[in-house]
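This is what each chain is made of:
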Amino acid sequence: MSSIRYFLIAVVVILIYSGASLAQESVALRAGHLIDPATGEVSHNQIILVKGGEITSVGAKEDIPDGANVIDLSDAWVMPGLMDAHVHLTFNAPAGGSFVMEYLTESTGFRALRGVRNARLVLEGGFTTVKDIGNSANYAMADVRRAIAEGWFVGPTIFDAGKIIAPYGGQVSGISPEQGQPWQYEYLDADSPEDIRKAIRKNIYYGANTIKLVTDSNTYFYSEEEIRAAVEEAGRAGMKVAVHSFGGQAATNVILGGAHAIEHGFGLTDEHLKLMKEHGTYLVGTDFPLNHLEAMAFGQRNNAKEISDQIIDRLRRAYEIGTPMAFGTDAVVDLTDMNRAQMNIDFVRSWIAAGVPAPEILKAMTTHNSILFGIEDERGAIKAGLKADIIATSQNPLEDINALRQVEFVMKDGAVIKHEREDQ
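Quick notes on the rules
Residues numbered from 1 in each chain as written. Predicted model: local features only at pLDDT ≥ 70, side-chain atom pairs only at ≥ 80, totals over all residues. Heavy atoms only, no water. Buried < 20%, exposed > 50% of the residue type's maximum accessible area, 1.4 Å probe, protein only. Helix = DSSP H or I, 4+ residues; strand = E, 2+ residues; numbered from the N terminus. Contact = heavy atoms within 4.5 Å. Axes fitted to C-alpha atoms, helices over the stretch in contact; angles between N-to-C directions. Parallel < 35°, antiparallel > 145°, perpendicular 65-115°, else oblique. Nonpolar A, V, L, I, M, F, W, Y, C, P; charged D, E, K, R; others polar. Salt bridge = Lys/Arg side-chain N within 4 Å of Asp/Glu carboxyl O. Pairing = 2+ DSSP bridges. Phe/Tyr/Trp six-rings, centres within 6.5 Å; stacked < 30°, edge-to-face > 60°. Core = buried A, V, L, I, M, F, W, Y, C linked by side-chain atoms within 4.5 Å. pLDDT = per-residue confidence, 0-100. Left-handed = near helix turned anticlockwise from the far one by under 90°.

Inspection of helix H4 (residues 140-149) places Ala140, Met141, Ala142, Val144, Ala147 and Ile148 among the buried residues, and these make up the whole buried set. Considering only its buried residues, H4 is in contact with helix H3 (108-124), strand S6 (127-132) and strand S7 (157-160). A positive phi of about 85° marks Gly151, the residue just after H4.

Structure below.
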């Protein structure tokens, strides 16, 4: 073995074990302003003690252990890490183009490498937990998650939907019979309750830890019975079900079938939103700002403004009705002036335009997502016994949610990922 290979292996080993040791050491964070997103309350001059990746205690008079690494955030606004319920870390759709070209030109390995890059970017941007909702080729995200878990790379906690389950054809149309079924690179065709159960088992076998269905990308859509079969099958494995649906009877079936979340929901009526509130169905609205829509196919069709107005109106109505809402983005077209983390944060523009107060936006990005993911006893707050996923900003996001555009400190599972304030 060459000396260069020995050197590279040594570097990798050092990186892996140094990251692990950082998570194991005792850390004391001096938090000047500690935010509880669930209540909107702020506690001042708090000490957060972290050991073994978990928060061990929080209080104003905590004793700092000898030898602890003390991090000074005494003039910062400290809060739990952000969460995004709808990302596609391995995917980048061509602006105005066809998804099919991505199936033909990008390998699963290439998708995985994009996923590794975007995973680090979103983590450094303050998103410590995300739900990757599909479009990851032939289970690329399962390998990204494994590589992060092995310590080869840093990234957020990832819920991975595997391949998207849909009625025949996935989310593409117009494929000639001679060309076969290229959508199966990212989708599983399932056209009965039995098919759906089999597809869920296949996804779980290949590493998925959450489930996503698409119901109304064609004129045919899933019945209430089929949605219920998905919820029951996923539930046996302790997993939740999100369903892509825009509205109409398809959305009604999703709600009555017991799905945990509707993704997008641009065409939801007040009756839908009230029914979601009654059943506890979360809206993951993927509330695209206008500039994102203009960069996508909507820009080429000259209806970006119309879609933007529809999104803002639906978001406003959902907030006023009291529909459970979780923050989700769906950034799939890389903008030239933003990376993935910056694009995700940019979605707060729509929430602001809809009149949602900053504390409620922050709650949707933390508390509500932790409940939707089923991890509220593990992550989503800063209290003893929870994982140490902690971020900090120099400005107060409860007054201006745009403060989250400048996350200066990120801790993930007790390891410091980013600390810009150290250089100030």
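From this point, the narrative continues.
Here we come to the packing of helix H7 (residues 248-256) against helix H8 (residues 270-279). Where H7 contacts H8, the two axes come as close as 10 Å, and the packing angle between them is 10°. Between H7 and H8, the crossing angle belongs to the class labelled roughly parallel. Every residue of H8 that contacts H7 at Gly248, Ala251, Thr252, Ile255 and Leu256 is listed here: His272, Leu275, Met276 and His279. Of the residues assigned to the contact of H7 with H8, the class counts are five nonpolar, four polar and no charged.

Right, let's get into the pattern of salt bridges. Per the counting criterion, the structure on display carries 27 salt bridges. A salt bridge links Glu106 to Arg114; its shortest N-O distance comes to 2.9 Å. Glu106 gets classed as buried once you look at its relative accessible area, which sits at 11%. Residue Arg114 is classed as buried on the basis of its relative accessible area, which comes to 11%. Between Lys363 and Glu360 there is a salt bridge, with its nearest N and O atoms 3.7 Å apart. With Lys363 and Glu360 both in helix H14 (residues 358-365) and three residues apart, this pair spans about one turn of that helix.

Another point: the sheet that holds strand S2 (residues 41-51). Strand pairing within a sheet occurs via backbone hydrogen bonds; the two strands may be parallel or antiparallel. The strand order across the open sheet formed by seven strands is S3-S2-S1-S4-S14-S15-S16, and the pairing between neighbours is mixed. On the outer flanks of this sheet lie strand S3 (54-59) and strand S16 (415-419), each paired with one strand and no other. Between one strand axis and the next, the sheet turns through 30° on average, direction left out of account.

Attention now moves to the packing of aromatic side chains. Overall, the coordinates contain nine aromatic pairs when judged by the stated rule. On the numbers, 5.2 Å between centres and 80° between planes, the contact of Tyr168 with Trp183 is edge-to-face. Residue Tyr168 is found in the loop between strand S8 (164-166) and strand S9 (187-189), and its partner Trp183 is found in the loop between S8 and S9; the two are separated by 15 residues along the sequence. Judged by its relative accessible area of 38%, Tyr168 falls in the partly exposed class. Relative to Trp351, the ring of Phe327 lies with its centre 6.0 Å away and its plane at 45°, an arrangement referred to as tilted. Taken together, the residues span a long stretch of sequence, with Phe327 in the loop between helix H11 (304-321) and helix H12 (340-346) and Trp351 in helix H13 (residues 348-353) at a distance of 24 residues. What makes Phe327 buried here is its relative accessible area of 0%. Looking at Trp351, the relative accessible area reads 2%, which means it is buried. Aromatic rings pair up to connect Phe246, Phe266, Phe288 and Phe347 into one cluster.

Moving on to the sheet that holds S6. Read from one edge of the open sheet, three strands run S5-S6-S7, paired in parallel fashion. Either end of the sheet is taken by a strand with one partner, and the two such strands are strand S5 (82-87) and S7. Strand-to-strand twist across the sheet, computed as the mean angle between neighbouring axes with direction ignored, equals 15°. In the sheet, S6 pairs with S7 via four bridges, with the strands oriented parallel. Across the sheet, the residue bridging to Asp132 is Asp160, located in S7.

Glancing now at the nonpolar core. Ile165, Leu213 and Met365 are the most contacted members of the largest nonpolar core, which totals 84 residues. For this core, the element with the highest residue contribution is H11, accounting for six residues. Beyond its immediate chain neighbours, meaning those up to four positions away, Met365 contacts Gly81, Leu82, Met83, Phe127, Phe327, Ile345, Val348 and Leu404. Ranked by size, the runner-up nonpolar core spans 17 residues in total, among them Leu29, Ile48, Val50 and Ala76.

Take the environment of Gly125 next. Inspection of the secondary structure assignment puts Gly125 in the loop between H3 and S6. Residue Gly125 is classed as buried on the basis of its relative accessible area, which comes to 14%. The spacing of Gly125 and Thr157 is 32 residues in sequence and 14 Å in space, taken between C-alpha atoms. Beyond its immediate stretch of four places on either side in the chain, Gly125 contacts Ala341 and Val407.

Moving on: the confidence of the model for the chain. Low pLDDT marks stretches whose predicted atomic positions should not be read closely. Here the chain averages 92 in pLDDT, and 91% of its residues register 70 or above. Predicted confidence is poor over residues 1-21, with pLDDT under 50, and the contacts of this stretch with residues over four places away or in other chains come to six contacts.

Where helix H5 (residues 193-205) contacts helix H6 (residues 224-236), the axes come no closer than 9 Å and their chain directions differ by 30°. The pairing of H5 with H6 is recorded here as roughly parallel in orientation. As H5 runs across H6, the sense of the crossing is right-handed. Contacts between H5 and H6 involve Pro193, Ile196, Arg197, Ile200 and Arg201 from the first element and Glu225, Glu226, Ala229, Ala230, Glu232, Glu233, Ala234 and Arg236 from the second. When grouped by side-chain class, the residues that make up the contact of H5 with H6 number six nonpolar, no polar and seven charged.

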